[in-house]
Each structure stands twice: as C-alpha cells, then as structure tokens.
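Next come the chains, spelled out residue by residue.
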Amino acid sequence: MKLTFKPYTLELEHLFTIAKSSRTTTPVILTEIEFEGIVGHGEASMPPYLGENQETAVAFLSKVNLEQFKDPFDMENILNYVDSIAEKNSAAKASVDIALHDLVGKLLKKPWYAIWGFDRDKAPYTDFTIGIDTPEVVKQKVKEAEIYKILKVKLGSEDDKKLIEVIRSITDKPIRVDANQGWKDKHYALDLINWLKERNVEIVEQPMPKEMLDDMAWITERSPLPIIGDESVQRLPDVIKVHGVFDGINIKLMKSTGLREAHKMLLLARSLGMKVMLGCMTETSCGISAASQLSPMVDWADLDGNLLIKNDPYRGTKVLNGKLVLTDTPGIGLV
Ligand code: MG
C-alpha cells in the first residue's frame, strides 16, 4: 500500500465567524492510499484554532510507512500503528483512516454504512450553519439556507439575543445553538438557555470552556434543553469522562482520528444512554461523505462543511431538501 498526500486550501463562500475567530480560507491535506490499482481518498481539515496545520500534517504523514503492510483489511493493526507514531495530530491521522476505509470499502464493493449494518433510510436531516455577523448578512444567509429545515447558529458574543431575534424575525425553523465555549458564567448561561427554549431552540452545544466540566454538569442538570459537548470531547476515553456532564456528544472525524474511533465513540455513547451529534469542520465532500456513513445512527447531523466552500474537488453524499442521501457507492461514497 502506498500513501500520498498534498496540501490544498479551501475557499469559503463567506467570512466565517465563531466565538473565538474569523476566517475566509481553511487549510486541508488531501490523501490517497493505493493498493493494486485501487485508490482510497482521505482528508485532514485543519481550522487554525485546533493546533494542526499543513506543515504539522506533512511532517506527520511523512513518517507513515504503509508499505510494510501487505493487507488493507488489517485495519486495526494499521491504524494502531498510525496512532502510535506521535501524540495528537488527530486530523492527520484521520486523513489516513478515511483513505483506508475508502479503499477497503471499494475492495468489498460496499459503502461503510452497509458494512456496519446501518439502515440508510434513517440518515437524518442536516442543519445549516449561520456564523456570527451583522443583521443584514445574517438575514441574507438565512434566506440562502431556504432548503434546510434546521439552522445552526453560532453564539457566544455580546449580541446573542439580538442575533436570535434577527433570525426569528424572518423564520420559525428550529435552531440549534453552538456557544463554542463562549459563555463564562453558569448562571448567565442557564438564563440564556431558558430564554432560548422559548424561541424554538432544540439543543445547545458547548456552553462553557472545555475544561469547566463541573459548571457544565450543573447547567445540564437544570437545562430545559439537551446540552451537547463538543470541544470537551475529542476521542474515545473522553466519552467516559463526560458521561454525566452532558446529555450528548458531538463526534467529528477530525477530532476522533477518523471513522474507526468515531464508530467506537458512537457505540459507546449509545451504550451509556447518551445522545449523539455528528459534526464536521470546514471540509471537502471527502470528509463529509465519510462522516455521513455514520449518520443513520445519530440523533442530529451537522454535516454542512462542504456546503460552505467554493472549490470542492470531490462529489459524495448529497443533501436533498435538507436530508442526507446515502447511496450504494462503495467506500465512503465518493463518485
Ligand atoms: Mg461545536
């Protein structure tokens, strides 16, 4: 097996602002694993605030030697080896994991949701994300999101109530709120969550800084809405750590090191009675289509990362009238 990779820069449709930063591009690395003439595709997406970049990913991937493995189906050994090369580097690891899953699915001639035994008719609707912006731009973005049944709104600025009121002046669609660790006080957060509940908000993601687990457990206990952990939950052991802190977790391939561990996190969270959201970074259709393979088993999908970019080099799982549509295409579903 041979691994190759190249840096690529995603151009965003809009300046994208969340509680901690703004940007117009996102760096990614596109990977390929070739075996006997068949190619699997993968991706590492690295928004700047997560600590990885194209240089760190290239340095990591340069150390990965897949030529020592003769059988792509030896997935646990291959991916344990990749994970053991260095700590962190979650997105770089995910780019190998996704390409390997794509390759193995193609060799089996099956899409991954079918290999795992999931019912594709249960694939959920995805929400569409509205970043923090001026009232005029927010209204424009809500209009552009016409086909999506659910909006995701990034809060965590001074103007949270104003932003929700602007959206509510033009639509009654359900809203999912992501505070991205932006609220600093648990009483303030709980008051705001009660206010949001009255405005048809469904769930609230990561209300406070990721290490403030006691405060978030306090909020979850009292909140009228489900509270979901995102930044507090990266990999498999974190699911145990946040059991009892949040009602559910947000699984993303770029945090979990890819599909193998995301699948384990999904099953573990389910066995603990926790809700599951499936999220993404700004990614091409490669990462999104890979994540969508897990979607029949989740409560909420937030897989709009490819819809926010202008130069997507791939085509994969599509969104039809807001719903993810999984196809028979083998592997991670790229066409
Ligand atoms: Mg989030």
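Numbering of residues starts from 1 in each chain and follows the order in which that chain's sequence is written. Owing to the predicted nature of the model, reporting of local features is limited to residues with pLDDT of at least 70; listing and counting of side-chain atom pairs is limited to 80 or more, with chain, interface and lining totals taken over all residues. Each side-chain value is worked out from all heavy atoms of the structure, with water and hydrogens disregarded.

Considering the domain arrangement of the protein chain
Inference 1: Note that the domain bounds were set by an automatic or database domain assignment. By domain assignment, the protein chain separates into domain 1 (2-109) and domain 2 (114-325).
Inference 2: Between domain 1 and domain 2, the C-alpha centre-to-centre distance is 22 Å.
Inference 3: Reported buried area values correspond to the accessible surface (1.4 Å probe) lost by two parts on association, with both partners' losses combined. Summed over both sides, the interface between domain 1 and domain 2 buries roughly 3100 Å², with carbon and sulfur atoms accounting for 59% of that surface.
Inference 4: By convention in these notes, a salt bridge is any Lys or Arg side-chain nitrogen within 4 Å of a carboxyl oxygen on Asp or Glu. If you look at where domain 1 meets domain 2, you find 3 salt bridges.
Inference 5: The partner of R260 in a salt bridge is E76, and the shortest N-O contact between them spans 2.9 Å.
Inference 6: Polar contact is the term for a pair of N or O atoms within 3.5 Å; when the atoms are in protein, one must be able to donate a hydrogen and the other to accept it, and sequence-neighboring residues count only if both atoms are side-chain atoms. Our enumeration of links across domain 1 and domain 2 arrives at 16 residue pairs in polar contact (both at pLDDT 80 or more).
Inference 7: By definition, any uninterrupted DSSP run of H or I lasting at least four residues is a helix, any uninterrupted run of E lasting at least two residues is a strand, and each is numbered from the N terminus. Contributing elements (two or more residues each) for the side of domain 1 that touches domain 2: β1 (2-17), β2 (22-35), β3 (38-45), α2 (75-84) and α3 (90-108).
Inference 8: The element contributing the most residues to the side of domain 1 that touches domain 2 is β1, with 10 residues.
Inference 9: Taken together, the residues of the side of domain 1 that touches domain 2 sort by class into 16 nonpolar, 11 polar and 9 charged. Residues were grouped as follows: Ala, Val, Leu, Ile, Met, Phe, Trp, Tyr, Cys and Pro as nonpolar; Asp, Glu, Lys and Arg as charged; and all remaining residues, including Gly, as polar.

With respect to the coordination of the magnesium ion
Inference 1: Here a donor is an N, O or S atom found within 2.8 Å of the metal, or within 3.2 Å if the metal is Na, K or Ca; sites may look incomplete because water is not among the atoms. Within the protein, D178 (OD), E205 (OE) and D230 (OD) serve as the donor atoms for the magnesium ion, at 2.0 to 2.2 Å.
Inference 2: Motif for the magnesium ion, donor spacing along one chain: D-x26-E-x24-D. Here D178 is found in strand β6 (residues 175-178), whereas its partner E205 is found in strand β7 (residues 201-205), with 27 residues between them in sequence.

Focus: the pairing of β7
Inference 1: Think of it in three bands: with a 1.4 Å probe and only protein chains considered, a residue is buried below 20% of the maximum accessible area for its type, exposed above 50%, and partly exposed in between. Summarising burial for β7: 4 of the 5 residues are buried, a large majority.
Inference 2: Call a crossover right-handed when, viewed with both strands pointing away from you, the route from the first strand across the helix to the second goes clockwise. Crossover handedness for the path β6 to helix α7 (residues 186-197) to β7: right-handed.
Inference 3: When β7 meets strand β8 (residues 227-229), the two strands line up parallel, connected through 2 bridges. Its bridge partner being in β8, E205 is matched across the sheet by I228.
Inference 4: Taken together, β7, helix α8 (residues 213-222) and β8 form a β-α-β motif whose crossover is right-handed. Whether two strands pair depends on DSSP finding at least two bridges between them.

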